[in-house]
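# An overview of the molecular structure
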Amino acid sequence: MSAFRDRVEGERAYLLRYATLQLRDSAAAEDAVQETLLAALAGEAGFGGRSNLRTWLTGILKHKIVDAVRRMTRETALGSGGDEGSADFDALFDERGHWIDMPQAWPDPDASLTQKQFFAVLEECLAKLPAKTSRAFMMREHMGFETTEICKELAVTPTHVWVLLHRARLALRMCLEMNWFTGSK
Amino acid sequence: MMLSCKEASRLLSQGLDRKLGFGERVMLRVHLGICDGCTNFRDQVAFLRKAMVRLADDPAKS
């Protein structure tokens, strides 16, 4: 009985890192993890050893994260603003719309997918994005939401979601190119 | 009508989130045929998608 509790508790640090990455708010992340652990302990029978414990817990946590995003969206809906506008990607192109720094070819990017250090760099790059941009991007690319679902959760229009996602991709590719794919590897 | 890199990269990105129209796809293909920067961008956002799915993967699986 308490062996299960210990195993669940042992995943706390991992879950907290995962939630913090997505919510960008340590108090909200703590809450989501706490709710997850409680739900897990109450629903031990649902686990039944049929899958990997971490995978099962992460599945519960994803629902808690979506709930938290919903709450945050409601709370900030009035005073939104923040990461709007497109000035940031205007700076990447000249007045005729050409790249100022053309994206370079990355040598064997797939090899990076087996390297822990690569994912640490990717997480650092994600952490530098504005909160709403990062949230939209995580929902789309990590959690696999459709644009329409992201619109609903973040209370924004489809056009705005595309702007957020495009901004995230431009920023991340640049960050990875500078911090991983050139030189320092 | 030629796309600029700014417009092409925007369409490449949107192509991952919605179905592009026929005209958009044709203009992109023409642009990619002559632009290495945007071709690299296209490969990189596809790679980014692959990497994001594996982000925070359970190390026990690999």
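Note that this is a predicted model, so its numbers are computed, not measured.

### Describing unusual backbone geometry
Residue and element names in this part refer to chain A. Positive phi values are uncommon outside glycine, yet Arg24 reaches one of about 60°. Positioned with a positive phi, Ala155 is a non-glycine residue whose angle comes to about 55°. With respect to the helices, strands and loops of the structure, Ala155 is situated in the loop between α9 (147-154) and α10 (158-181).

### Here's the deal with the domain arrangement of chain A
Note on interface size: it is often stated as the accessible area lost on association of the parts. Residues and elements named next belong to chain A. When its domains are assigned, chain A resolves into domain 1 (2-76) and domain 2 (87-181). Each partner contributes residues to the interface: domain 1 has eight residues there, and domain 2 has ten residues. At the level of secondary structure, the elements contributing two or more residues to the side of domain 1 that touches domain 2 comprise α2 (12-23) and α5 (53-76). With five residues, α5 is the single largest residue contributor to the side of domain 1 that touches domain 2. Within the side of domain 1 that touches domain 2, the residues separate by chemical class into three nonpolar, two polar and three charged.

### A few points about the packing of helix α7 (residues 116-127) of chain A against α10(A)
Residues and elements named next belong to chain A. One way to put it is that α7 packs onto α10 with a least axis distance of 10 Å and a crossing angle of 135°. In terms of orientation, α7 lies oblique with respect to α10. In terms of crossing hand, the pair formed by α7 and α10 is right-handed. Residue-level inspection shows Phe118, Val121, Leu122 and Cys125 of α7 in contact with α10, the latter providing Leu172, Cys175, Leu176, Asn179 and Trp180. Of the residues that constitute the contact of α7 with α10, the class distribution is eight nonpolar, one polar and no charged.

### Re the interface of chain A and chain B
Each partner contributes to the interface: chain A provides 29 residues, whereas chain B provides 27 residues. The element best represented in the side of chain A that touches chain B is α10(A), accounting for six residues. When the residues that make up the side of chain A that touches chain B are grouped by side-chain class, the tally is 15 nonpolar, eight polar and six charged.

### A few points about the confidence of the model for chain A
Here chain A averages 86 in pLDDT, and 90% of its residues register 70 or above. Mean pLDDT in chain A bottoms out at helix α6 (residues 87-90) of chain A, which sits at 70, and peaks at α10(A), which reaches 94.

### Description of the environment of B:Gly37
You can see B:Gly37 is positioned in helix α3 (residues 36-54). Its 17 C-beta neighbours within 10 Å are what place B:Gly37 among the partly exposed residues. Residues B:Gly37 and B:Glu7 lie 30 residues apart in sequence; the distance between their C-alpha atoms is 13 Å. Among all residues touching B:Gly37, those that are not within four sequence positions of it are A:Trp99, A:Met102, A:Pro103 and B:Cys5.

### Section: α2(A)
Residue and element names in this part refer to chain A. A rise of 1.5 Å per residue sets the reference length of α2, with its twelve residues, at 16 Å; its end C-alpha atoms lie 16 Å apart and thus fit the reference within 8%. Among all positions of α2, only Leu15, Tyr18, Ala19, Gln22 and Leu23 are buried. What you see down the axis of α2 is that its buried residues fit within an arc of 115°, all on one side. Directly after α2, the chain includes Arg24, whose backbone phi takes a positive value near 60°.

Thresholds, definitions, all that
Residues numbered from 1 in each chain as written. Chains lettered and ligands numbered in written order. Predicted model: local features only at pLDDT ≥ 70, side-chain atom pairs only at ≥ 80, totals over all residues. Helix = DSSP H or I, 4+ residues; strand = E, 2+ residues; numbered from the N terminus. Domains from an automatic or database assignment. Contact = placed C-beta atoms within 7 Å. Nonpolar A, V, L, I, M, F, W, Y, C, P; charged D, E, K, R; others polar. Axes fitted to C-alpha atoms, helices over the stretch in contact; angles between N-to-C directions. Parallel < 35°, antiparallel > 145°, perpendicular 65-115°, else oblique. Left-handed = near helix turned anticlockwise from the far one by under 90°. pLDDT = per-residue confidence, 0-100. Buried ≥ 20, exposed ≤ 12 C-beta atoms within 10 Å, placed from the backbone. Expected span 1.5 Å × (residues − 1). Arc of directions from axis to C-beta.

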